[in-house]
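Structural overview for review
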Amino acid sequence: MGQEDLMNKAEDVADQFLRVTKQYLPHLARLCLISTFLEDGIRMWFQWNEQRDYIEATWNCGYFLATCFVLLNLLGQLGGCVLILSRNFVQYACFGLFGIIALQTVAYSILWDLKFLMRNLALGGGLLLLLAESRSEGKSMFAGVPSMGESSPKQYMQLGGRVLLVLMFMTLLHFDSSFFSILQNMVGTALIILVAIGFKTKLAALTLVVWLFAINVYFNAFWTIPTYKPMHDFLKYDFFQTTSVIGGLLLVVALGPGGVSMDEKKKEW
């Protein structure tokens, strides 16, 4: 069996998986993608005083404005998550979460931290995919076959979402000389490039989902660390950030790559 035959067989398996899970996959993708906002909103509640004091001390904005900032983050994120999961006013919820990302980028000085800035931009890419999905409501959920009437804005939202997911993955690379890290970086980079350009998209995205899930559970097992240790919060943050990447990839599987992709262009050849 040649390489092309193996690829075709693997794509058939991916198509079969999609047919079996197409009723549930968009729901799971949404839950994974908004998990970062959900976790951060809950953390705002349990760390209310710490968050308020940090903002007040950093910006010297006073008790009232610092409290408003924490309250806006809590309500904005939890409210947006509820609307997205319930499929009510999804576009407004996405725009609200875009605003939260922008607000946090400024308030926590993320603009000057390349790693965190890239992660925030990638979260914005996930929201772009959610916006693209919300434009598909009432249309076929069968992935990979865009309708002839699909609008250009949706196509470019899908492209932007795919490309921004690359930024998130780049922050997950481990730059050391161990064989496993080198293998992880090479395989993961190849797969994420395929997703970004929209080539063999469903197969590449599903493979990357399995790959990232295994890495996430192994490296970011925050539940094994006592809550009083700082490492618990660091691993928890990384765990949900990676889970959001997985959610974005699942949305790519559910929606297909869109019109601006190599998979779509191949149909014209």
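Here the structure is a predicted model, which is why all the values come from computation and not from measurement.

On to empty space enclosed by the protein, then. Considering all chains together, one arrives at one cavity of 30 Å³ or more under this definition. The calculated volume of the largest cavity comes to roughly 30 Å³. The wall of the largest cavity is formed by Leu33, Ala122, Leu123, Gly126, Leu165, Met168, Ser244 and Val245. At three residues, the largest contribution of residues to the lining of the largest cavity is made by helix 7 (residues 114-134). Split into classes, the residues belonging to the lining of the largest cavity amount to six nonpolar, two polar and no charged.

On to the packing of helix 4 (residues 48-59) against helix 5 (residues 62-86). Contact pair helix 4 / helix 5: the axes reach a minimum separation of 8 Å and the direction vectors enclose 125°. As far as their axial angle goes, helix 5 and helix 4 are oblique. In this structure, helix 4 crosses over helix 5, and the sense of that crossing is right-handed. On helix 5, the residues that touch Trp48, Gln51, Arg52, Ile55 and Glu56 of helix 4 are Gly62, Tyr63, Ala66, Thr67, Phe69, Val70, Leu71 and Leu74.

Further remarks concern the environment of Met157. Looking at the secondary structure, you find Met157 in helix 8 (residues 152-170). On the accessibility criterion, Met157 (14% relative accessible area) is buried. It is 6.0 Å that separates the C-alpha atoms of Met157 and Ala132, two residues lying 25 residues apart in sequence. In this view, Met157 contacts Leu128, Leu131, Ala132 and Arg135; residues no more than four positions away in its chain are not counted.

What follows concerns the packing of aromatic side chains. In the structure shown here, the tally under the stated rule is 11 aromatic pairs. On the numbers, 6.3 Å between centres and 40° between planes, the contact of Phe95 with Phe98 is tilted. Note that Phe95 and Phe98 are positioned in helix 6 (residues 90-107) at a spacing of three residues, about one turn of the helix. Classification of Phe98 as partly exposed rests on a relative accessible area of 24%. Taking the centre distance of 5.0 Å and the plane angle of 90° together, the rings of Tyr218 and Phe219 count as edge-to-face. Using a relative accessible area of 63% as the deciding quantity, one classes Tyr218 as exposed. Given a relative accessible area of 32%, Phe219 falls into the partly exposed group.

The rules behind the values
- Residues numbered from 1 in each chain as written.
- Predicted model: local features only at pLDDT ≥ 70, side-chain atom pairs only at ≥ 80, totals over all residues.
- Heavy atoms only, no water.
- 1 Å grid on protein atoms, 1.4 Å probe; cavity = no way out; pocket = protein on both sides within 12 Å on 5 of 7 lines; lining within 4 Å.
- Points joined across faces, edges and corners; volume = space filled by probe spheres on them.
- Helix = DSSP H or I, 4+ residues; strand = E, 2+ residues; numbered from the N terminus.
- Nonpolar A, V, L, I, M, F, W, Y, C, P; charged D, E, K, R; others polar.
- Axes fitted to C-alpha atoms, helices over the stretch in contact; angles between N-to-C directions.
- Parallel < 35°, antiparallel > 145°, perpendicular 65-115°, else oblique.
- Left-handed = near helix turned anticlockwise from the far one by under 90°.
- Contact = heavy atoms within 4.5 Å.
- Buried < 20%, exposed > 50% of the residue type's maximum accessible area, 1.4 Å probe, protein only.
- Phe/Tyr/Trp six-rings, centres within 6.5 Å; stacked < 30°, edge-to-face > 60°.

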